[in-house]
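The lines below spell out each chain.
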Amino acid sequence: MESTEESAELPPARESSGPLAGVRVIDMATVVMGPYAAQILGDLGADVIKIESPNDTVRNGTLHRTPGMTPLNLNVNRNKRSVALNLKDEAGRAQALELIGGADILITNMRIGALRRLGMDYDSLAAANPRLVYVHAQGFRSDSDRAGFAAYDETIQAASGLLDLAQRAGDVGAPVVLPSIFADKVAALTIVYSALAALVHQRAAGRGQHVEVPMADTLLAFNLVEHLQGRVFEPPMGGTGFPLSMNKGHRARPTKDGLAMIMPYSPQNFRDLFAAAGRPDLAEDPRVNGKLIDSQRDGKDLVDLMESVTPHLTTAEWMEVCAKHSIPAGPVLRLDEAADDPYIQGGRLLDVAEHPSEGAYRVVGVPMAFSATPAAVRRHAPLPGQHTDEVLTELADSGSALADDTATEGDRR
């Protein structure tokens, strides 16, 4: 995707104006789930310090201008300062512990055994920093027989029932994994709101707590919001699976020049759609002239009728028709063309910025807007260990200031 847009530098001020200004977060997580959660907290104004792992796969990939500065890394690690510390080295571990000792929130997805060996389990850290909100994310609950299992997005999609839903809805033998790291990102969002809830408690009660976010539990709860269905009742009144979502007619429709998601729901929606396509005879069909559409009985037939007429108009023409008659619809966004979409440009969701080492690149914009405390992308994703000296100097200065304050207090006594 080439662009002729002029690159725009990020705002020069590093001071946060976001709602989390003044909150210190330590990102001691790898890959996407934890780092994405920390990125969101950084977008909201928190000072996020990433303790870099030399083996973080988010920095691996063939697409880069500088080793380690991959497309995924450039956005998921923005609004952070990178500190390279070897946690297996006594001095590096001591510096990490000192950083955590002054933090509000710690996010980690390290195995609990490794955390205990490093003295970075919750009990050890809370003894030194009782205000710490300690968020530990892993595949499965720590009190379960799966606690030590490795977890990947694909295996969590399977363990949470998502692949079962995909198999049933698609009526296929081998369901395809959702083409998004869905489990990681849902878990990341859960980390964010859980950490913020614990932060509210910390501010009110003066102490932190241990927060556990198991991916499998999180995604299962997410999926069952609508899909528990008849199994809500005991004894069951039916099976699982939300009928509307399981409808095989949930697919993009062919238009004269492409595809569009056109989803008539009411009888009036169907009648207006058929009339606009030049088929008033179909608008007289008794199946679209009752009080409701019986999707269980007539869904497949109505989808076939609808898709026989949607090629009569272009996507743009259908968008006009659907807007006029309040028929739910939207064009199918081609991601390769997203940067040229007027809606995306209007929301500054894919602006071009100039990275100090990587040059021009696309910045995924902050999707939410705050009227009083605007969130922003203040920092480019750092090079590995880029801020080690800066952060350790701050740490030493804060230690000296604390020692001076203690000495002054002793003099007063």
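Residues numbered from 1 in each chain as written. Predicted model: local features only at pLDDT ≥ 70, side-chain atom pairs only at ≥ 80, totals over all residues. Heavy atoms only, no water.

**Student:** I tried to follow the overall build of the protein on my own but got confused; where do I start?
**Tutor:** What the protein contains, in helices and strands, is 16 helices and 11 strands. Projected onto its principal axes, the C-alpha positions of the protein cover 95 × 60 × 45 Å. Residues classed as buried in the protein amount to 41% of the 413 residues present. Summed over its atoms, the accessible surface of the protein is roughly 22,000 Å², and 55% of this surface lies on carbon and sulfur atoms. Between the mean site of the 39 positive side-chain charges and the mean site of the 54 negative ones, the protein shows a separation of 4 Å. (Helix = DSSP H or I, 4+ residues; strand = E, 2+ residues; numbered from the N terminus. Buried < 20%, exposed > 50% of the residue type's maximum accessible area, 1.4 Å probe, protein only. Areas by Shrake-Rupley, 256 points an atom, 1.4 Å probe, with all protein chains shown as cover. Lys, Arg positive; Asp, Glu negative; His and termini not counted. Charge placed at Lys NZ, Arg CZ, Asp CG, Glu CD.)

**Student:** Can you walk me through the sheet that holds strand S7 (residues 253-254) in this structure?
**Tutor:** Strands sit in the order S7-S8-S9 across an open sheet of three strands; the sheet is antiparallel. Both outer strands of the open sheet, S7 and strand S9 (329-331), are each paired with one neighbouring strand and no more. With three bridges joining them, strand S8 (residues 259-262) and S9 adopt antiparallel strand pairing. When the bridges of S9 are listed, Ala260 appears paired with Pro331. (Pairing = 2+ DSSP bridges.)

**Student:** Would you mind going over the side chain of Lys80 with me for this structure?
**Tutor:** Looking at the secondary structure, you find Lys80 in strand S3 (residues 80-84). For Lys80, a relative accessible area of 1% gives the class buried. Within the structure, Lys80 has its side chain in polar contact with the backbone oxygen of Pro35 (distance 2.8 Å). With sequence-adjacent residues up to four places away left out, Lys80 is seen in contact with Asp27, Pro35, Ala38, Gln39, Val48, Lys50, Arg379, His380, Pro382 and His387. (Polar contact = N/O pair within 3.5 Å; in protein donor to acceptor, adjacent residues only side chain to side chain. Contact = heavy atoms within 4.5 Å.)

**Student:** Help me understand unusual backbone geometry in this model?
**Tutor:** Note: most residues except glycine have negative phi, and most peptide bonds are trans. Between Glu234 and the following residue, Pro235, the backbone shows a cis peptide bond with an omega angle of 5°. Structurally, the position occupied by Pro235 is in the loop between helix H9 (215-227) and helix H10 (243-246). With a phi close to 55°, Asn79 is a non-glycine residue in the positive phi region. Tracing the backbone through its elements, the reader meets Asn79 in the loop between helix H2 (71-76) and S3.

**Student:** Quick question: what am I supposed to make of helix H8 (residues 182-205) here?
**Tutor:** An α-helical segment advances 3.6 residues per turn. Residues three or four places apart therefore align on the same side. For H8, spanning 24 residues, the distance from its first C-alpha to its last is 34 Å, which sits close to the expected 34 Å at 1.5 Å a residue. One or two positions beyond H8, positive phi appears at Gly206, with a value near 80°. (Expected span 1.5 Å × (residues − 1).)

**Student:** What's the story with the environment of Val25 in this structure? I'm lost.
**Tutor:** Within the secondary structure, Val25 sits in strand S1 (residues 24-28). A relative accessible area of 0% places Val25 in the buried class. Sequence separation of Val25 and Val48 is 23 residues, and the distance between their C-alpha atoms is 4.7 Å. For Val25, the residues in contact, after removing those within four places along its chain, are Leu41, Ala46, Asp47, Val48, Ile49, Ile105 and Ile107.

**Student:** Honestly, the domain arrangement of the protein in this entry has me stumped. Any pointers?
**Tutor:** The accessible area lost on association of the parts is a frequent measure of interface size. In terms of domains, the protein is made up of domain 1 (24-225 + 339-403) and domain 2 (253-331). Between the C-alpha centres of domain 1 and domain 2 there is a distance of 43 Å. (Domains from an automatic or database assignment.)

**Student:** Any chance you could explain the sheet that holds S1 here in plain terms?
**Tutor:** Within a sheet, adjacent strands bond to each other through the backbone by hydrogen bonds, running parallel or antiparallel. Strand order in the open sheet formed by six strands is S3-S2-S1-S4-S5-S6, and the pairing between neighbours is parallel. Lying at the two open borders of the sheet, with one neighbouring strand each, are S3 and strand S6 (209-214). The average angle at which neighbouring strand axes cross in this sheet is 20°, direction not considered. Pairing geometry for S1 and strand S2 (residues 47-52), over four bridges, is parallel. (Axes fitted to C-alpha atoms, helices over the stretch in contact; angles between N-to-C directions.)

**Student:** Sorry if this is basic, but what is going on with the packing of helix H11 (residues 267-276) against helix H13 (residues 295-309) here?
**Tutor:** The relative placement of two packed helices comes down to the angle between their axes together with the axis-to-axis distance. One way to put it is that H11 packs onto H13 with a least axis distance of 10 Å and a crossing angle of 30°. For the element pair H11 / H13, the angle class is roughly parallel. Where H11 crosses over H13, the handedness of that crossing is left-handed. Residues Phe270, Leu273 and Phe274 of H11 lie in contact with H13, whose contacting residues are Leu302, Leu305, Met306 and Val309. Each residue belonging to the contact of H11 with H13 can be placed in one class, and the counts come to seven nonpolar, no polar and no charged. (Parallel < 35°, antiparallel > 145°, perpendicular 65-115°, else oblique. Left-handed = near helix turned anticlockwise from the far one by under 90°. Nonpolar A, V, L, I, M, F, W, Y, C, P; charged D, E, K, R; others polar.)

**Student:** Please clarify how the pairing of strand S5 (residues 133-138) should be interpreted in this entry.
**Tutor:** On a regular strand, one side chain projects to one face of the sheet and the next to the other, so that they alternate. Of all six residues in S5, six are buried; the element is thus mostly enclosed. Residues Val133, Val135 and Ala137 of S5 are buried on one face, and the alternating residues Tyr134, His136 and Gln138, pointing to the opposite face, are buried as well. As judged from the four bridges shared by strand S4 (residues 105-108) and S5, these two strands associate in the parallel manner. When the bridges of S5 are listed, Thr108 appears paired with His136. In the sheet, S5 pairs with S6 via six bridges, with the strands oriented parallel. When the sheet's bridge partners are listed, Tyr134 is paired in S6 with His210.

**Student:** Honestly, the packing of aromatic side chains in this entry has me stumped. Any pointers?
**Tutor:** Two measures describe an aromatic ring pair: the distance that separates the ring centres and the angle between the ring planes. Evaluated as defined, the whole model comprises four aromatic pairs. Ring centres 5.7 Å apart and planes at 70° place the aromatic pair Phe182 and Phe222 in the edge-to-face group. Of the two residues, Phe182 is situated in helix H8 and Phe222 in helix H9; the sequence distance between them amounts to 40 residues. The exposure class assigned to Phe222 is partly exposed, which follows from its relative accessible area of 42%. Centre to centre, the rings of Phe270 and Phe274 are 6.1 Å apart; their planes meet at 45°, and the pair counts as tilted. (Phe/Tyr/Trp six-rings, centres within 6.5 Å; stacked < 30°, edge-to-face > 60°.)

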